[in-house]
Amino acid sequence: MNNNIEVLEEVLDVLEDEKKHFQDLVNQNAFRIEEIDSYLRELSKKEDEDFKVFSPRNVENIHRDQIESDEKEKKKYEDENKEYLKKIDFLKNLIDKVNIVIGNLLLEDENKEKPDISDESICENIENDLENEHIAHQILNCVSFITPDAERAKVELTALAKKIMQ
């Protein structure tokens, strides 16, 4: 049973890493989109009064190619972010399901018949070790939620604190 839990925890780590990778890509794209927006705002402010008075053209006509290129780039990043966010949601669902399976395996392991009284202290030590490993793993998962999903991290940590108090 312990091997199954270890394998699932490894899968969980891979899923968390993949989710973090996509979140980093979303953040990079969002940063680039903000840069483009800022550049376009500055470009429209750049036109000085003399230029407006003595030239029949406006700043959009002069920089039309650059503006169109930036708009296309911005659209590309926005589309990529939509896809990345879909992947992140899918990974979150998988992570939740793996966490449920791990929890079920731990409960199943706890509900097995207790051995003879002579082996009881050994069994309690093993159960405590498993419980501590599981709690440590849950805490690490919560840490990964803090930035992207603070509310979920709060809920998970509160549940964990209640579990420890019991």
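Everything discussed here concerns the structure shown above.
Predicted model, so just to flag it, every value in this text is computed and none were measured. (Residues numbered from 1 in each chain as written. Predicted model: local features only at pLDDT ≥ 70, side-chain atom pairs only at ≥ 80, totals over all residues. Heavy atoms only, no water.)

### Digging into the environment of Asp96
With respect to the helices and strands, the residue Asp96 is situated in helix 4 (residues 64-110). Judged by relative accessible area, Asp96 falls into the partly exposed class, the value being 28%. (Helix = DSSP H or I, 4+ residues; strand = E, 2+ residues; numbered from the N terminus. Buried < 20%, exposed > 50% of the residue type's maximum accessible area, 1.4 Å probe, protein only.)

### A word on the side chain of Asp37
Within the secondary structure, Asp37 sits in helix 1 (residues 2-45). Look at Asp37 and you get buried, because its relative accessible area is 18%. A distance of 2.7 Å separates a polar atom in the side chain of Asp37 from a polar atom in the side chain of Lys74. (Polar contact = N/O pair within 3.5 Å; in protein donor to acceptor, adjacent residues only side chain to side chain.)

### Here we look at the pattern of salt bridges
Going through the model one piece at a time under the given rule, you end up with eight salt bridges. Across the pair Lys19 and Glu16 runs a salt bridge, and its minimum N-O distance is 3.7 Å. Placement of the pair is Lys19 and Glu16 together in helix 1, with a separation of three residues, close to one helical turn. For Lys19, a relative accessible area of 6% corresponds to the buried category. One salt bridge in this structure joins Glu35 and Arg32, with 3.2 Å as the shortest N-O distance. Pair noted here: Glu35 and Arg32 are both in helix 1, with a separation of three residues, about one helical turn. (Salt bridge = Lys/Arg side-chain N within 4 Å of Asp/Glu carboxyl O.)

### Some words on the side chain of Glu9
Here Glu9 is to be found in helix 1. Those residues within four positions of Glu9 in sequence are excluded, and the remaining contacts are Ile102 and His137. (Contact = heavy atoms within 4.5 Å.)

### What to know about the packing of helix 1 against helix 4
Relative orientation of the contacting elements helix 1 and helix 4 amounts to 160°, with a least axis distance of 8 Å. If you check the angle between helix 1 and helix 4, you find them roughly antiparallel. In the crossing of helix 1 with helix 4, the sense of the turn from one axis to the other is left-handed. Taken together, the residues of the contact of helix 1 with helix 4 sort by class into 26 nonpolar, six polar and 14 charged. (Axes fitted to C-alpha atoms, helices over the stretch in contact; angles between N-to-C directions. Parallel < 35°, antiparallel > 145°, perpendicular 65-115°, else oblique. Left-handed = near helix turned anticlockwise from the far one by under 90°. Nonpolar A, V, L, I, M, F, W, Y, C, P; charged D, E, K, R; others polar.)

### Focus: helix 4
Compared with the 69 Å implied by 1.5 Å per residue over 47 residues, the 68 Å span of helix 4 between its first and last C-alpha is a close match. Listed as buried for helix 4 are Asp70, Lys74, Tyr77, Asn81, Tyr84, Ile88, Leu91, Ile95, Val98, Ile102, Leu105 and Leu106. (Expected span 1.5 Å × (residues − 1).)

### Structural notes on the environment of Leu85
One can find Leu85 in helix 4. In this structure the C-alpha to C-alpha distance between Leu85 and Phe22, which are 63 residues apart in sequence, comes to 7.7 Å.

### Thoughts on the nonpolar core
Counting residues in each nonpolar core, the largest one holds 15 residues, and the members touching the most others are Phe22, Val98 and Ile102. For this core, the secondary-structure elements that each account for two or more residues are helix 1 and helix 4. The greatest single-element share of this core, amounting to eight residues, is contributed by helix 4. Residues within four places of Phe22 in sequence aside, it is in contact with Tyr84, Lys87, Ile88 and Leu91. (Core = buried A, V, L, I, M, F, W, Y, C linked by side-chain atoms within 4.5 Å.)

As far as function goes, none of this settles anything; it's purely spatial.
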